[in-house]
Amino acid sequence: MESRKIILKPVITEASTAELDNKRYTFDVDTRATKPQIKKAIEEVFDVKVIKLNVINVKGKPKRMGRYNGYTKKRRKAIVTLSADSKAIKVFEE
């Protein structure tokens, strides 16, 4: 799997932006990607050193459209901690 296709988008929430000072970044990743693939992709794309990686599978929420029931799309979240000497990842473009 290609590195650019593993990392889908950064997760921008109040909790995730509070962790940016501690060099912890949150990304939505492909549901089929493994931990070593995610770590390698982040190190290649952003040119940083990853020291810790946590992965969370998020279930889809139940939703209703009229009388039809269904679920939103499931996703996989990766919380990445960078080493102290790594440069910061630009989540917001200045």
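What counts and what doesn't
- Residues numbered from 1 in each chain as written.
- Predicted model: local features only at pLDDT ≥ 70, side-chain atom pairs only at ≥ 80, totals over all residues.
- Heavy atoms only, no water.
- Salt bridge = Lys/Arg side-chain N within 4 Å of Asp/Glu carboxyl O.
- Helix = DSSP H or I, 4+ residues; strand = E, 2+ residues; numbered from the N terminus.
- 1 Å grid on protein atoms, 1.4 Å probe; cavity = no way out; pocket = protein on both sides within 12 Å on 5 of 7 lines; lining within 4 Å.
- Points joined across faces, edges and corners; volume = space filled by probe spheres on them.
- Nonpolar A, V, L, I, M, F, W, Y, C, P; charged D, E, K, R; others polar.
- Core = buried A, V, L, I, M, F, W, Y, C linked by side-chain atoms within 4.5 Å.
- Buried < 20%, exposed > 50% of the residue type's maximum accessible area, 1.4 Å probe, protein only.
- Contact = heavy atoms within 4.5 Å.
- Polar contact = N/O pair within 3.5 Å; in protein donor to acceptor, adjacent residues only side chain to side chain.

**Q** Got a sec to walk through the pattern of salt bridges? Specific residues and values, please.
**A** The tally for this structure, following the rule as stated, stands at three salt bridges. Of the charged contacts in the structure, one is a salt bridge between Arg75 and Asp28, with a shortest N-O distance of 2.8 Å. Of this pair, Arg75 sits in strand S6 (residues 75-82) while Asp28 is found in strand S2 (residues 24-29), placing the two residues 47 residues apart along the sequence. For Asp30, the salt bridge goes to Arg32, with nearest N and O atoms at 3.0 Å.

**Q** Mind laying out the layout of surface pockets, listing which residues take part and the relevant values?
**A** Of the voids in this model, the largest pocket is the one considered here, and its volume is about 150 Å³. Taken together, Leu8, Lys9, Asp28, Val29, Asp30, Thr31, Lys73, Lys74, Arg75 and Arg76 form the lining of the largest pocket. When contributions to the lining of the largest pocket are tallied by element, the ones reaching two or more residues are strand S1 (7-10), S2 and S6. The residue makeup of the lining of the largest pocket, split by class, is two nonpolar, one polar and seven charged.

**Q** Describe in detail the nonpolar core, supporting the description with residues and values.
**A** Counting residues in hydrophobic clusters, the biggest one holds 16 residues, and the most contacted among them are Phe27, Ile38, Ile42, Val80, Leu82 and Ile89. For this core, the secondary structure elements donating two or more residues are S2, helix H3 (35-46), strand S3 (50-58) and S6. Filtering out sequence-adjacent residues up to four positions away, Leu82 remains in contact with Lys23, Tyr25, Val48, Lys49, Val50, Ile51, Lys87 and Ile89.

**Q** Summarise the environment of Ala78; cite the residues concerned and give the values.
**A** Checked against the element boundaries, Ala78 lands in strand S6. Along the sequence, Ala78 and Leu53 sit 25 residues apart, while their C-alpha atoms lie 6.8 Å from each other. Discounting chain neighbours no more than four positions away, the residues touching Ala78 are Tyr25, Thr26, Phe27, Val29, Ile38, Leu53, Asn54 and Val55.

**Q** An account of the side chain of Ser3 is requested, with residue identities and associated values reported.
**A** On the secondary structure map, Ser3 appears in helix H1 (residues 3-6). Reaching out from Ser3, the side chain makes a polar contact with the side chain of Glu44 at a distance of 2.7 Å. Apart from residues lying up to four places away in sequence, Ser3 is in contact with Ala41, Glu44 and Val45.

What is shown is where atoms sit, not what they do.
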